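# Descriptive analysis of the structure
Chain by chain, the residues run as shown.
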Amino acid sequence: MVERKLLVLFGSQTGTAQDTAERIGREAKRRHFQCRVEALDSYDVANLINELLVVFVCATTGQGDPPDNMKMFWRFLFRKNLPPGSLCQLDYAVLGLGDSSYPKFNFVAKKLHKRVLQLGGNPLLPVALGDDQHDLGPDAVVDPWLLALWDKILALYPLPPGLDIISPDVRLPPKYTLHYLAEDSPHPDGGLLQPTAPRAVPSELHPFAARVVSNQRVTAESHFQDVRLIEFDVTGSGITFSAGDVVMIQPQNCPEDVQQFCQLLRLDPDRRFVLKPAEPGTSLPALLPQPCTIRHLVTHYLDISCVPRRSFFELLSYFSTNELEREKLQEFSSAQGQEELYSYCNRPRRTTLEALWDFPHTTCAIPPEYLLDLIPRIRPRAFSIASSMLAHPDRIQILVAVVRYKTRLSKPRRGLCSTWLASLNPEQGDVRVPLWVKKGGMKFPADPDTPVIMIGPGTGVAPFRAAIQERVAQGRRGNCLFFGCRQKSKDFYCQAEWEELVTKGFLMLFTAFSRDQEEKVYVQHRIQENRRLVWELLSSRSAHVYLAG
C-alpha cells in the first residue's frame, strides 16, 4: 500500500493563501491523508525531490512579486543548476490567488506551475487562478478546482479499505491541545518582551522592543485626519537601514477589546496554560511564550479585529448549540451563502469580535483549544522609514495616518496598528514596540551627481524624507520634491524642514494644496507647470523618478 501523504506549501502575504492551504489540509484529513501544511520558507526545499504529492497555494503581491514567506524558496527554485528531471516523481497542483485589476495577475502561480513542470513534475490539473475581483472572490475558482483536485488525488491514492470520507458534519480535532496550569503553579520570571540586545539582527521571530521616544501629531487639531510622526530608539539592536527601507511593526489589541473577548467567551484572562501539538510534526506557534496567559494570547496573538473569513464561520458552526445560529453559520460557510457573507462581513468591515457578539450562544460554547484554529494571528504592519541614520543615528521615525472611517455599522472602523501606535504616550514611562527592518523596493542612485525627482503626496512623502536626509548628509544637491496635501495650514508635513533645505540650496520644492483655492490643484498639475525643468533633469542629467502614494 502506497503511503498516503500530502504536503501543502503556501506563500501568503495577507493570510488568504494560508487560510486556503489550511482548508486543503482539513479536506485532506477528512480523506485520511497524512497531511502537513507549511509556509514555503519554513520548508526545507532540498526535500522537494523526495516528495510524491504536493499542492502549492501562492499569492502574487505588488507587481508580480512572490510573498515574503516564499522568497527563499523562489530563489532556490529558479537556480540555473537544478537538473531538468529532478522533480520527475512529483505529482503536483498549483492554486494561485491574485487580483485581475493588476497587470501581472497571478504571475507567481503561473510561473511556479511552469517551473515545476520544467523540472519534471507531473501536473494533476491546470493552475487555478483565484481572483479577488470576482463577485464571490477567489472561492468562485477555488471551490470547483478543489473538487476536481480530490477526484484526481483519490484516483491515485484510493481510500484505505473500510474507510469513508469523514462527513462534513463531524468536527475535526484542534491543531493544539490547551492545558491549564494549576493556579498555584510557580510563575517563570521575566517579562514577555525583554528590552535586551537580541541574539541576532531583529526579525519577525525575534523582534526588537524599541522604546518610543516621541509621538507627535503633525496635522492641525482642526484637520479631519490624525497623522503622527513617531520616533523609536533602536540603540543596541544591531538594526541598520537605508532610505527606501521598511520597518515592520507587530501591533496588539486594545485592553477594552481583550476584556470584551474574554467576557464573551467566559475566559479568565489571568489563567495560564501550555499548548501541545495534537499531532507529531506540528510546530508550536513561534511567537507565543510557554506557559502563556489567556490575556497575552488575546492581546498579542489572536487577530480579533480582522474581518473574519468563511473558514471562521465554518468552524464556529460546529460549536453551536443553538439551531438558529447554527443554520446562519452554515449558510455563511456554504458556497451559496458567499454573497450574503460578503454583505454581512466584508462590505461593512465587521470585525471577528463583532461577529462573535452576533452569535452569543455559539460564542460561549467555543472550546479554548480551538481558538488558534478559529482566529488567525495578528500580522505585522509595514511602514516606510521616514528618517535617515545619517541624520538620526539609532533612531527610526515613521509617518502614520491613523486609519478611521465610517461604514453602515454605528461604530467607526479603526485600523488596529495605527490606532494602537497613536495611543502610545512616551511620557507615561517606558513604552515599547516590537519591530524589525526589511529591505524596501526603492533604491536611490549610488552616483552622487544623479538627480532625483520625488513625487510624494500625503504620507507618501515618508520614504523621501529619509532619502532627502540621507542625500543632504552626503552633500548631494540634486533633490527635487513634489508634495501635495489638502491645505497648507493643516496637513503640510515637515514644512519647516523642507523650507530650511530650500533656503540652503539642497532642495527644489513644489507644493500642491488641493483645497486652498476654488479649483483643485494636485501634484500632476505642478509637474506639468514645471515640465521644462523635469524634462531637463531627465534628458540631460539622467534623473531617477520616484513615486509613493
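Computed from a prediction, not measured in an experiment: that's the story for all the values here.

Another aspect to go through is the overall build of the protein. Counting its secondary structure elements, the protein contains 18 helices and 21 strands. In summary, the protein has a C-alpha radius of gyration of 26 Å against a globular reference of 24 Å for 549 residues, a match within 12%. Seen along its three principal axes, the alpha-carbon backbone of the protein occupies a region of about 85 × 60 × 50 Å. For the protein, buried positions account for 49% of its 549 residues. Taking as baseline every contact in the protein between residues at least 6 positions apart, the subset at least 24 positions apart corresponds to 76%. A total accessible area of about 26800 Å² is found for the protein, and carbon and sulfur atoms account for 52% of it. If you average the places of the 64 positive and of the 61 negative side-chain charges in the protein, the two averages end up 4 Å apart.

Glancing now at the pairing of strand β14 (residues 395-401). The element β14 is largely enclosed, with a buried count of five among its seven residues. Sheet topology note: the strand β9 (residues 227-233)/β14 ladder contains seven bridges and is antiparallel. Its bridge partner lying in β14, F232 is registered against I396.

The next subject is the sheet that holds strand β18 (residues 452-455). Taken together, four strands build an open sheet; the order of strands is β20-β19-β18-β21 and the sheet is parallel. Each edge of the open sheet is held by one strand with a lone partner, namely β20 (507-513) and β21 (544-547). Within this sheet the neighbouring strands show an average axis-to-axis angle of 15 degrees, counted without direction. With four bridges connecting them, β18 and β21 associate as parallel partners. The residue bridging M454 from the neighbouring strand is Y546, located in β21. Together, β18, β19 (479-485), β20 and β21 form the strand contacts of helix α14 (residues 462-473), whose direction differs from that of β18 by roughly 155 degrees. Along the sheet face, helix α16 (residues 495-503) touches β19 and β20 and points at about 140 degrees away from the line of β20.

Before going further, it helps to spend a moment on the UniProt feature "domain: Flavodoxin-like" (unreviewed entry) in the protein. The feature "domain: Flavodoxin-like" (unreviewed entry), as given by UniProt, occupies residues 6-150 in the numbering adopted here. The annotated region residues 6-150 carries 32% helix and 23% strand content, and the separation between its end C-alpha atoms amounts to 12 Å.

The assigned domain composition of the protein is domain 1 (5-156), domain 2 (208-251 + 380-438), domain 3 (255-374) and domain 4 (452-547). The C-alpha-based centres of domain 1 and domain 3 are spaced at 27 Å. Listed per partner, the contact involves 11 residues of domain 1 and nine residues of domain 3. Both sides of the domain 1 and domain 3 interface together cover about 830 Å² of buried area, and 37% of this is carbon and sulfur. Where domain 1 packs against domain 3, one counts two salt bridges. Between R310 and D139 there is a salt bridge, with its nearest N and O atoms 2.9 Å apart. Residue assignment for the side of domain 1 that touches domain 3 shows that the elements contributing at least two residues are α1 (16-30) and α4 (139-156). Element by element, the count of residues in the side of domain 1 that touches domain 3 is highest for α1, at six residues. Looking at the side of domain 1 that touches domain 3, its residues break down into one nonpolar, three polar and seven charged.

For the rest of this paragraph, the subject is the state of the cysteines. What we call a disulfide is simply a covalent bond connecting the sulfur atoms of a pair of cysteines. In the structure shown here, the tally under the stated rule is zero disulfides. You can see C494 has no disulfide; the closest cysteine sulfur is in C485, sitting 11 Å from it. A relative accessible area of 16% means that C494 is categorised as buried.

With respect to the helices, strands and loops of the structure, S317 is situated in helix α7 (residues 310-319). Residue classification places S317 among the buried positions, given a relative accessible area of 7%. One polar contact links the side chain of S317 to the main-chain carbonyl oxygen of E314, over a distance of 2.6 Å. Ignoring sequence-local partners within four residues, the contact set of S317 consists of R326, L329 and Q330.

Now for the sheet that holds strand β8 (residues 208-217). Pairing within the open sheet is antiparallel, and its six strands lie in the order β13-β10-β17-β8-β9-β14. Edge positions in the open sheet fall to β13 (381-384) and β14, since each of these has one partner strand only. Neighbour-to-neighbour, the strand axes of this sheet turn through a mean angle of 40 degrees, independent of strand direction. Taken together, the four bridges between strand β10 (residues 246-249) and β13 define a ladder with antiparallel strand orientation. Within β13, the position partnered with V247 by the bridge is F383.

A separate point is the packing of α1 against α4. Between α1 and α4, whose axes approach to 12 Å, the crossing angle comes to 30 degrees. Judged by the inter-axis angle, α1 sits roughly parallel to α4. Judged by the sense of rotation from one axis to the other, the crossing of α1 with α4 is right-handed. Contacts between α1 and α4 involve T20, R23, I24, E27 and A28 from the former and D139, V142, D143, L146 and W150 from the latter. The class makeup of the residues in the contact of α1 with α4 is five nonpolar, one polar and four charged.

As a further point, take helix α8 (residues 323-332). Owing to its 3.6 residues per turn, the α-helix aligns residues three or four sequence positions apart on the same side. Looking at α8, one finds that the buried residues are E325, L329 and F332. For α8, the buried positions fall inside an angular range of 60 degrees around the axis, keeping them on one side. Opposite the buried face of α8, at more than 90 degrees from it, the exposed residues are E323 and L324. Contacts made by the buried residues of α8 are with α7, α9 (338-346), α10 (352-358) and α11 (360-363). At the N-terminal boundary of α8, the capping side chain belongs to N322, with an oxygen 3.1 Å from the backbone nitrogen of L324.

What follows concerns the packing of aromatic side chains. According to the stated counting rule, one finds 15 aromatic pairs in the structure shown. Measuring from ring centre to ring centre gives 6.2 Å for F33 and Y157, while their planes differ by 75 degrees; the resulting arrangement is edge-to-face. In this pair, F33 is assigned in the loop between α1 and β2 (34-39) and Y157 in the loop between α4 and β7 (176-180), connecting sequence segments 124 residues apart. Judged by relative accessible area, which is 8%, Y157 ranks as buried. Both rings, one in F482 and one in F510, keep their centres 4.9 Å apart while their planes meet at 20 degrees; by these two values the pair is stacked. Separated by 28 residues along the polypeptide, F482 in strand β19 and F510 in strand β20 bring together distant segments of the chain. The class of F482 is buried, set by a relative accessible area of 0%. For F510, a relative accessible area of 17% corresponds to the buried category. Cluster of aromatic residues (ring-pair linked, three or more members): F312, F313, F332, Y344 and F359. Positioned over the ring face of F33 is R4, at 3.9 Å from the centre of the ring. We note R477 situated over the ring of F506; from NZ or CZ to the ring centre the distance is 4.3 Å.

What counts and how
- Residues numbered from 1 in each chain as written.
- Predicted model: local features only at pLDDT ≥ 70, side-chain atom pairs only at ≥ 80, totals over all residues.
- Heavy atoms only, no water.
- Helix = DSSP H or I, 4+ residues; strand = E, 2+ residues; numbered from the N terminus.
- Rg over C-alpha atoms; globule rule 2.2 N^0.38 Å.
- Buried < 20%, exposed > 50% of the residue type's maximum accessible area, 1.4 Å probe, protein only.
- Contact = heavy atoms within 4.5 Å.
- Areas by Shrake-Rupley, 256 points an atom, 1.4 Å probe, with all protein chains shown as cover.
- Lys, Arg positive; Asp, Glu negative; His and termini not counted.
- Charge placed at Lys NZ, Arg CZ, Asp CG, Glu CD.
- Pairing = 2+ DSSP bridges.
- Axes fitted to C-alpha atoms, helices over the stretch in contact; angles between N-to-C directions.
- UniProt positions renumbered as here; feature names shortened; annotations may be inferred.
- Domains from an automatic or database assignment.
- Buried area = accessible area lost by both parts, 1.4 Å probe.
- Salt bridge = Lys/Arg side-chain N within 4 Å of Asp/Glu carboxyl O.
- Nonpolar A, V, L, I, M, F, W, Y, C, P; charged D, E, K, R; others polar.
- Disulfide = S-S within 2.5 Å.
- Polar contact = N/O pair within 3.5 Å; in protein donor to acceptor, adjacent residues only side chain to side chain.
- Parallel < 35°, antiparallel > 145°, perpendicular 65-115°, else oblique.
- Left-handed = near helix turned anticlockwise from the far one by under 90°.
- Arc of directions from axis to C-beta.
- Phe/Tyr/Trp six-rings, centres within 6.5 Å; stacked < 30°, edge-to-face > 60°.
- Lys NZ or Arg CZ within 6 Å of the ring centre and 35° of its normal.

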